[in-house]
Amino acid sequence: EDRAFEAVACARTRGEFGSQTVDDVPLPRAGVLRLVDQDMIDAAIKLFLAQNGARVAGRKLEVIIKDDAGVPDTTRRLAQELVVNDKVVALAGFGITPSAMATAPIATQSKTPMVVMAAATSAITEASPFVVRTSFTLPQAAVALLRQVA
């Protein structure tokens, strides 16, 4: 069962214990961050499903795409709706620090894991005990750059 929305990507799993959802608040699809665009995100999702199938832990995976447009208030609102209305089991994505920081209190209050995939400010993981990062921090990138030019 696939559904697409115009605005946070989510994967919904259905199993014997009802419906649970894993949600992704992806990178903005406008402005300078358009480089990480819809086509790349869509292709990554399709590749994952092709390689791994549409089942996770025996439950069907449903992917829904939404876009926060790089607006922290929109990210927070979408995340809140997904946690409260859709009963998501995780939030992921977050292309910019303000959006990640705006959503961290929702992760904390709802005890929902939040996976930051691109926002690079070091303090993000301190904003909530439910935040993890899969990418680099700004200091890590700076050190690597300085080693190359030194």
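Residues numbered from 1 in each chain as written. Predicted model: local features only at pLDDT ≥ 70, side-chain atom pairs only at ≥ 80, totals over all residues. Heavy atoms only, no water.

### Some remarks on the overall build of the protein
Looking only at helices and strands, the protein has 4 helices and 7 strands in total. Each helix (α) and strand (β) of the protein, taken in turn from the N terminus, gives the series β-β-α-β-β-α-β-α-β-β-α. Within the protein, buried positions represent 39% of all 150 residues. (Helix = DSSP H or I, 4+ residues; strand = E, 2+ residues; numbered from the N terminus. Buried < 20%, exposed > 50% of the residue type's maximum accessible area, 1.4 Å probe, protein only.)

### Observations regarding the pattern of salt bridges
Counted under the stated rule, the structure contains 2 salt bridges. Here Arg76 ties to Asp73 by a salt bridge, and the two come within 2.4 Å at their closest N and O atoms. Pair noted here: Arg76 and Asp73 are both in helix H2 (residues 72-84), with a separation of 3 residues, about one helical turn. Across the salt bridge formed by Glu81 and Arg77, the nearest N and O atoms sit 3.1 Å from each other. In this pair, Glu81 and Arg77 both sit in helix H2, 4 residues apart, roughly one turn of the helix. What makes Glu81 partly exposed here is its relative accessible area of 31%. (Salt bridge = Lys/Arg side-chain N within 4 Å of Asp/Glu carboxyl O.)

### Here we look at the nonpolar core
One finds Leu91, Phe94, Ala100, Met114, Val116, Ile124 and Val131 to be the most contacted residues of the largest nonpolar core, which totals 15 residues. Only H2, strand S5 (88-93), helix H3 (97-110) and strand S6 (114-116) provide two or more residues apiece to this core. At 4 residues, the largest contribution of residues to this core is made by H3. Apart from the residues lying within four places of it in its own chain, the contact partners of Val131 are Ala104, Met114, Val116, Ile124 and Thr125. (Core = buried A, V, L, I, M, F, W, Y, C linked by side-chain atoms within 4.5 Å. Contact = heavy atoms within 4.5 Å.)

### Comments concerning helix H4 (residues 138-149)
The terminal C-alpha atoms of H4 lie 17 Å apart, and with 12 residues this matches the ideal 16 Å at 1.5 Å per residue to within 8%. When you tally the buried positions in H4, you get 0 out of 12 residues, a small fraction of the element. (Expected span 1.5 Å × (residues − 1).)

### Some details on the pairing of S5
Burial of S5 is extensive: 5 of the 6 residues sit out of reach of the surface. For S5 and S6, the ladder comprises 3 bridges, and the chain directions are parallel. The residue bridging Gly93 from the neighbouring strand is Val116, located in S6. (Pairing = 2+ DSSP bridges.)

### Side note on a nonpolar patch on the surface
On the surface, a nonpolar cluster with roughly 320 Å² of combined accessible area is contributed by Leu145, Leu146 and Val149. Locating Leu146 in the fold gives a position in helix H4. (Patch = residues over 30% accessible without salt bridge, like charges linked within 9 Å, V, L, I, M, F, W, Y side chains within 5 Å. Areas by Shrake-Rupley, 256 points an atom, 1.4 Å probe, with all protein chains shown as cover.)

### Observations regarding the side chain of Ser128
Note that Ser128 resides in the loop between S6 and strand S7 (131-133). Reaching out from Ser128, the side chain makes a polar contact with the backbone nitrogen of Phe130 at a distance of 3.0 Å. Setting aside its immediate chain neighbours within four residues, Ser128 contacts Ala104, Ala107 and Thr108. (Polar contact = N/O pair within 3.5 Å; in protein donor to acceptor, adjacent residues only side chain to side chain.)

### Describing the environment of Leu49
Secondary-structure assignment places Leu49 in helix H1 (residues 38-52). Spatially, the C-alpha atoms of Leu49 and Leu61 are 8.7 Å apart, while their sequence positions differ by 12 residues.

### What about the environment of Pro129?
Tracing the backbone through its elements, the reader meets Pro129 in the loop between S6 and S7. According to the relative accessible area criterion, Pro129 is exposed, its value standing at 72%. Considering only alpha carbons, one finds Pro129 and Pro113, 16 residues apart in sequence, at a separation of 8.6 Å.

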